[in-house]
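Coordinates in review
Chain by chain, the residues:
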Amino acid sequence: MSFNKYDTVEDLNDSKHDWLLRIRAQALWKGITKETKDFRGYNVIFIDDCNGRIHAFIAAALCAKYEGYLIEGQLYKLNDFSVKYYNGDETSRSVRTHKHLYFTNETKFIKDEEDGMKIEPQSFDLFSLEDVQNNKNDNRYLIDVFTLHDGRSYANVTFFNVFGDSFLKAMKENLEHPVIIIIASAKINEWNDEVSLTNYPATRFYINSSHYSVKEIRSRIAENSFYVTHLDDQDDKGIPTFIVKDLFNLTEDYIEKMVQCKVTVKKFDKKVKWYSNFCAKCDINIELVDRKYQCGECRKIYTYPDKRYQLTSLCSDNTGTVPIIWTDEEVVRLCRKTVYDIIADDEEVEDGDKFPTALQEFEKKKSTTSQ
């Protein structure tokens, strides 16, 4: 039984029209024909409470009713619309997905005044600046990038007209340092063998955003041993990469072999303990029986057994969803905390029944998992 009456962006397909979304308008821009300068309609990037993003289009004939009503940052309820799939050759897409939606004459679109699940102010498909060069020949998508501005490094970025003026003005403000900049939906250009980023109608910049990635970077800067983990750029050379749909069709030749898959962590299973007690000698989990912990293999009795993470999550890409078990080593690498560190920070999670807030931060994040 579902307690959420709304559909998610991930659910959408072209099988029907009576979808119901609760979304935030992250970005809004006008579509103008380059040659004739005719107004074609409104383009919108919507995000839902699962950080799912989708591009929406409102044809010019329908725009009058939304003039002044459709505002960036506002929450809305949207239902009765059309979902279409890209043909494959469309260029300069603002969202890296295979589908988009269209408003119709029957579409209902109202502001959301209720208290519901939190929808973040922004959602991105973040790449590092080093990835710009690798993506220069893929004109299907615009790109979201982030950088730290510390006065010692630079990136080739050219912003034109009013957009460029607004960026320069924003950078002159009294900003927290180092300044962390996210450029969303930028266009990659190449001139004289030099790659640069330029603004497109969909382009937005966010300086010291409240996005979780900015908070994570800033908190780690404050630590003595700062490093950045690129969760969405962990490909290991030589390990075959699959989409989720193909994982279920792998033959027995892949048993006990490493494969990798880029997925979004949708949610953790919070009904089971987030850690397990185990016998370090036999490397097997042990349970409390008759008020004692005893290994079933070596029969050793533990008063205080070792603990390790045991996280089970549902992860997905555009092709499907798959359950993934996280190893202790992987969780420690990502959060830089052992089970004992988590318990020391929050004693209420010690019995394992309450899921730690520190681990919930991994939900909705994209990563490359190798299994």
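Here the structure is a predicted model, which means the values were calculated and not measured.

Right, let's talk about the pattern of salt bridges for a bit. The full count for this structure, using the stated rule, is 17 salt bridges. Measuring nitrogen to oxygen at the nearest pair gives 2.7 Å for the salt bridge that ties Arg22 to Asp112. Taken as a pair, Arg22 in strand β1 (residues 20–32) and Asp112 in the loop between β7 (108–111) and β8 (126–128) lie far apart in primary sequence, 90 residues in all. With respect to class, Arg22 is no different from Asp112; both count as buried.

The next thing to look at is the pairing of strand β6 (residues 99–102). Residues in a regular strand point their side chains to alternate faces of the sheet. Direction of pairing for strand β3 (residues 53–59) relative to β6: parallel, over a ladder of two bridges. When the sheet's bridge partners are listed, Ala56 is paired in β6 with Leu101. Strand direction decides the pairing type here: strand β5 (residues 82–85) and β6, joined by four bridges, are antiparallel. Paired with Val83 across the two strands is Leu101, which belongs to β6.

Listed in full, the buried residues belonging to helix α3 (residues 212–221) are Ser213, Val214, Ile217, Arg218 and Arg220. Angular distribution of buried residues about the axis of α3 spans 165 degrees; they occupy a single face of the element.

The seven strands lie next to each other as β5-β6-β3-β2-β1-β4-β7, forming an open sheet whose pairing is mixed. In this open sheet, the two edge strands, each paired with only one partner strand, are β5 and β7. Taken over all neighbouring pairs, the strand axes of this sheet differ in orientation by 40 degrees on average, direction set aside. Here five bridges tie β1 to strand β4 (residues 75–79), and the two strands are oriented antiparallel to one another. Residue pairing in the sheet places Leu21 in a bridge with Leu78 of β4.

Locating Phe362 in the fold gives a position in the loop between α7 (357–360) and β23 (366–370). Here Phe362 falls in the buried class, since its relative accessible area comes to 9%. Spatially, the C-alpha atoms of Phe362 and Phe268 are 9.0 Å apart, while their sequence positions differ by 94 residues. Discounting chain neighbours no more than four positions away, the residues touching Phe362 are Val265, Phe268, Trp326, Leu334 and Cys335.

Within the open sheet, the three strands sit side by side as β17-β18-β19. Their pairing is antiparallel. Only two strands of the sheet have a single partner each, and these edge strands are β17 (288–289) and β19 (301–302). Bridging between β17 and strand β18 (residues 292–294) involves two bridges; their strand directions are antiparallel. In the strand pairing of β18, Val289 is matched with Lys292.

Okay, the confidence of the model for the protein chain next. Averaged over all residues, the pLDDT of the protein chain equals 85, while 90% of them reach at least 70. A low-confidence stretch, residues 225–235 (pLDDT under 50), is modelled with 30 contacts involving residues beyond four sequence positions or located in other chains.

Within the structure shown, the criterion is met by 20 aromatic pairs. Considering the side-chain rings of Tyr66 and Phe103, the 5.3 Å spacing of their centres and the 90 degrees angle between planes classify their relative orientation as edge-to-face. With Tyr66 in the loop between β3 and β4 and Phe103 in the loop between β6 and β7, this pair connects stretches of sequence that are 37 residues apart. One exposure class covers both Tyr66 and Phe103, and it is buried. A cation over a ring is seen here: Lys16 above Trp19, with NZ or CZ 4.3 Å from the ring centre.

Nonpolar side chains in soluble globular proteins tend to be buried together. Formed by 24 residues in total, the largest nonpolar core has its most connected members in Phe46, Leu70, Leu78, Leu101, Phe103 and Phe109. Listed by contribution, the elements that provide at least two residues to this core are β1, β2 (39–47), β3 and β4. Those residues in contact with Phe109, other than ones at most four positions away along the chain, are Ile23, Phe46, Tyr66, Tyr69, Leu70, Tyr76, Lys77, Leu78 and Phe103. Within the second largest apolar cluster, 23 residues are counted, among which are Val244, Phe268, Ile343 and Phe355.

Criteria and cut-off values
Residues numbered from 1 in each chain as written. Predicted model: local features only at pLDDT ≥ 70, side-chain atom pairs only at ≥ 80, totals over all residues. Heavy atoms only, no water. Salt bridge = Lys/Arg side-chain N within 4 Å of Asp/Glu carboxyl O. Helix = DSSP H or I, 4+ residues; strand = E, 2+ residues; numbered from the N terminus. Buried < 20%, exposed > 50% of the residue type's maximum accessible area, 1.4 Å probe, protein only. Pairing = 2+ DSSP bridges. Arc of directions from axis to C-beta. Axes fitted to C-alpha atoms, helices over the stretch in contact; angles between N-to-C directions. Contact = heavy atoms within 4.5 Å. pLDDT = per-residue confidence, 0-100. Phe/Tyr/Trp six-rings, centres within 6.5 Å; stacked < 30°, edge-to-face > 60°. Lys NZ or Arg CZ within 6 Å of the ring centre and 35° of its normal. Core = buried A, V, L, I, M, F, W, Y, C linked by side-chain atoms within 4.5 Å.

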